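Notes for the structure review
Each chain, written out:
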Amino acid sequence: GYPGTLHMHVTYRFTEDSELFIEYEASTDHDTVCNPTSHVYFNLAGHTLNCITDHEMSIASSSIAERDEEAVFTGVFASVENRKEDFRVCKKIGNEHGVLEIESACFVLDENGPFHRACMVREPRGGRQLEVSTSSSALLFYGGKYIRGSEPGKDGVVYASHGGFCLETMDVCNANEQSGCLILHAGDRYRQKTRFAFSVMDASNRNGRSCHDRNSN
């Protein structure tokens, strides 16, 4: 273990409202690291397209958790102001050349309540959209750069680099919290919940430039 034995229970729950809930519970026999997430891939244009650069995204985050050259978190939170990681206003994740604006970044969420909205992604041509809500403090975006396409997936499709993206909810520590952050203590119970809510955009909004909240009127 790390160093304790972690007893983990994960529930995947689908609702009639096109929602997927992932709920984590954990306990341990010794104080140990605990920061689970899900590495599920999405492509709102459909799995056969093998490209995500036309998706548009907004993230409720004013800062990112910086990482070193080995992708280890440094404890430094940096503002997204004037950076390509600024998704506070909805924008395409790919540029005019079809290249992703970011390959991977961990966004520190602005809200820190028991359950809050983190992200909205939409694919304007087909109209599918995905809203992510979570009890976690951060969301890591990964653009699928290292998908190798060695094994066939659904319908025999071989997925290529940037054929899907991940939205991984998790917790991160700043420099003042590094010593005790992400530690689950013996006798305590870890709980975390994430919701992926799917919907279809109104046809009149598909050429717009803003990401719409699933529940807004």
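Since this is a predicted model, take the numbers as computed values, not measurements.

What counts and what doesn't
Residues numbered from 1 in each chain as written. Predicted model: local features only at pLDDT ≥ 70, side-chain atom pairs only at ≥ 80, totals over all residues. Heavy atoms only, no water. Helix = DSSP H or I, 4+ residues; strand = E, 2+ residues; numbered from the N terminus. Buried < 20%, exposed > 50% of the residue type's maximum accessible area, 1.4 Å probe, protein only. Contact = heavy atoms within 4.5 Å. Pairing = 2+ DSSP bridges. Disulfide = S-S within 2.5 Å. Salt bridge = Lys/Arg side-chain N within 4 Å of Asp/Glu carboxyl O.

**With respect to the environment of phenylalanine 14**
Summarising the element assignment, phenylalanine 14 is placed in strand S1 (residues 6–14). By relative accessible area, phenylalanine 14 is classed as exposed at 67%. C-alpha of phenylalanine 14 to C-alpha of phenylalanine 196: the two residues are 182 residues apart in sequence and 9.6 Å apart in space. Those residues in contact with phenylalanine 14 that sit more than four places away from it in its chain are Glu19 and Leu20.

**Points about the side chain of serine 38**
Along the chain, serine 38 falls in the loop between strand S3 (32–33) and strand S4 (41–42). We classify serine 38 as buried; its relative accessible area is 12%. Ignoring sequence-local partners within four residues, the contact set of serine 38 consists of Ile22, Tyr24, Leu167 and Glu168.

**Observations concerning the sheet that holds strand S2 (residues 19–28)**
Sheet architecture is open: 7 strands sit in the order S1-S2-S15-S11-S10-S5-S8, paired in antiparallel fashion. Either end of the sheet is taken by a strand with one partner, and the two such strands are S1 and strand S8 (91–92). The sheet contact formed by strand S11 (residues 128–134) and strand S15 (residues 190–200) spans 7 bridges and is antiparallel. Residue pairing in the sheet places leucine 130 in a bridge with phenylalanine 198 of S15.

**Notes on the state of the cysteines**
For the structure on display, the rule yields 1 disulfide. Covalently, cysteine 173 is tied to cysteine 181 through a disulfide, its sulfur atoms 2.0 Å apart. Judged by the torsion about the S-S bond (-95°), the cysteine 173/cysteine 181 disulfide is left-handed. Of the two residues, cysteine 173 and cysteine 181, neither departs from the other in class, the shared state being buried. Unpaired in terms of disulfides, cysteine 34 finds its nearest cysteine sulfur in cysteine 181, a separation of 12 Å. Free cysteine: cysteine 106, not disulfide-bonded; nearest cysteine sulfur from cysteine 173 at 10 Å.

**Focus on the pattern of salt bridges**
Oppositely charged side chains can pair when the atoms bearing their charge come close. Under the counting rule described, the total for this entry stands at 13 salt bridges. As a salt-bridge pair, arginine 189 and glutamate 25 come within 3.6 Å of each other at their nearest N and O atoms. Residue arginine 189 is found in the loop between strand S14 (183–184) and S15, and its partner glutamate 25 is found in strand S2; the two are separated by 164 residues along the sequence. You can call arginine 189 partly exposed: its relative accessible area is 45%. Take glutamate 25: its relative accessible area is 31%, and that puts it in the partly exposed class. The salt bridge partner of lysine 92 is aspartate 54, with a shortest N-O separation of 3.1 Å. Taken as a pair, lysine 92 in strand S8 and aspartate 54 in the loop between S4 and strand S5 (56–59) lie far apart in primary sequence, 38 residues in all.

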